[in-house]
Amino acid sequence: AEGLLKQFDDIHIQDGSSLAINDLLKTIFPGRFTTTAPAAIELHVYFSLRYQSFHGVDLAPDTVSEYKFMPKAQNYDLKNTLSLFDRGYNSIDDLHDIEEAQGYFLVRMKDNLNPLALSASHKDQRQEKYFRNKPLHNIKLNRKENYDFHVVFNNKKNSAVCASSLYGIRSP
């Protein structure tokens, strides 16, 4: 591993791929796209880059939410590892568990989540007080700016469920 990635003991990738199957199976394996693929499955894979091996493989109807297959921190040693997830894997509670296990994650969050920026650090190590306690959607940066944001997510159960770093937040 090169550069920043060599600081991690392992890098885990979790993702799923949908596959259309024979329409006769639509009652057992319903698809999300009923017109084009009435029957479909999704293969969910949890992969270790360091060991080039699978930690887990799950097969489910395509209509089952991806976050249900997100690896649980209590089932894996995630200390000093980086977990990469796509948009469907954003259970705030599960991400918080990864952080509690001293692991790190990078996830593409859904657009309707709007975490609160607690702090922002520039690559030259300066701390920006301007961003403190602002919703992330309200922060506009020019294309040349790059900050690390420490954010907190809110949900109905807790006011501060998860704090984590987001990298390279830039304006469109």
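This is a predicted model, so every value here is computed, not measured.

Participant: Sorry, what's going on with the overall build of the protein chain here?
Facilitator: The helix and strand inventory of the protein chain stands at one helix and nine strands. Burial analysis of the protein chain (172 residues in total) assigns 37% to the buried set. Here the analysis covers contacts within the protein chain between residues at least 6 apart in sequence; of these, 45% occur between residues at least 24 apart. As displayed, the protein chain has an accessible area near 11,000 Å², and 52% of this comes from carbon and sulfur atoms.

Participant: It is not clear to me how the pattern of salt bridges should be interpreted in this structure. Could you clarify?
Facilitator: Any two side chains of opposite charge can pair, so long as their charged atoms come close to each other. Within this structure, the stated rule accounts for two salt bridges. For the salt bridge of Asp 62 with Arg 32, the shortest nitrogen-to-oxygen distance reads 3.0 Å. In this pair, Asp 62 is assigned in the loop between strand 3 (53-61) and strand 4 (81-85) and Arg 32 in the loop between strand 1 (10-20) and strand 2 (40-48), connecting sequence segments 30 residues apart. Accessibility expressed as a relative area gives 3% for Asp 62, which makes it buried. Exposure remark for Arg 32: the relative accessible area of 47% places this residue in the partly exposed category. Measuring nitrogen to oxygen at the nearest pair gives 2.8 Å for the salt bridge that ties Lys 72 to Asp 94. With Lys 72 in the loop between strand 3 and strand 4 and Asp 94 in helix 1 (residues 92-100), the pair connects residues that are 22 residues apart, well separated along the chain.

Participant: In this structure, what is going on with the packing of aromatic side chains? I would like to understand it.
Facilitator: Where two aromatic rings form a pair, the distance of their centres and the angle of their planes describe that pair. Here the structure, examined in full by the defined rule, presents three aromatic pairs. Between Tyr 46 and Tyr 76 the ring centres are 4.9 Å apart and the planes differ by 70 degrees, which places this aromatic pair in the edge-to-face class. Of the two residues, Tyr 46 sits in strand 2 while Tyr 76 sits in the loop between strand 3 and strand 4, which places them 30 residues apart along the sequence. Classification of Tyr 76 by relative accessible area gives partly exposed; the value is 26%.

Participant: I tried to follow the nonpolar core on my own but got confused; where do I start?
Facilitator: Side chains that are nonpolar tend, in soluble globular proteins, to be buried together. Counting residues in hydrophobic clusters, the biggest one holds 22 residues, and the most contacted among them are Phe 85, Leu 95, Ile 98, Phe 131, Ile 139 and Phe 149. Examining the composition of this core, we find that four residues originate from one element, strand 8 (residues 147-153), more than from any other. Non-local contacts of Ile 139, meaning those with residues more than four positions away in its chain, are made with Ala 117, Phe 131, Lys 134 and Phe 149.

Participant: Before we go on, may I ask you to explain the side chain of His 44 in this structure?
Facilitator: As for its placement among the helices and strands, His 44 is situated in strand 2. What His 44 contacts, discounting residues up to four positions off in sequence, is Gln 14, Asp 15, Gly 16, Gly 56, Val 57, Asp 58, Glu 66, Phe 69 and Tyr 89.

Participant: What should I look at first to understand the sheet that holds strand 2 in this one?
Facilitator: Strand pairing in a sheet takes place through backbone hydrogen bonds and is either antiparallel or parallel in direction. Strand order across the open sheet formed by five strands is 3-2-1-4-5, with mixed pairing between neighbours. Two strands bound the open sheet, and with one partner strand each, they are strand 3 and strand 5 (104-107). When the angles between neighbouring strand axes are averaged without regard to direction, this sheet yields 15 degrees. Note: strand 1 against strand 2, nine bridges, orientation antiparallel. From the neighbouring strand, Ser 17 faces strand 2, where its bridge partner is Leu 43. Docked against the sheet, helix 1 engages strand 4 and strand 5, running at close to 150 degrees with respect to strand 5.

Reading the values: the criteria
- Residues numbered from 1 in each chain as written.
- Predicted model: local features only at pLDDT ≥ 70, side-chain atom pairs only at ≥ 80, totals over all residues.
- Heavy atoms only, no water.
- Helix = DSSP H or I, 4+ residues; strand = E, 2+ residues; numbered from the N terminus.
- Buried < 20%, exposed > 50% of the residue type's maximum accessible area, 1.4 Å probe, protein only.
- Contact = heavy atoms within 4.5 Å.
- Areas by Shrake-Rupley, 256 points an atom, 1.4 Å probe, with all protein chains shown as cover.
- Salt bridge = Lys/Arg side-chain N within 4 Å of Asp/Glu carboxyl O.
- Phe/Tyr/Trp six-rings, centres within 6.5 Å; stacked < 30°, edge-to-face > 60°.
- Core = buried A, V, L, I, M, F, W, Y, C linked by side-chain atoms within 4.5 Å.
- Pairing = 2+ DSSP bridges.
- Axes fitted to C-alpha atoms, helices over the stretch in contact; angles between N-to-C directions.

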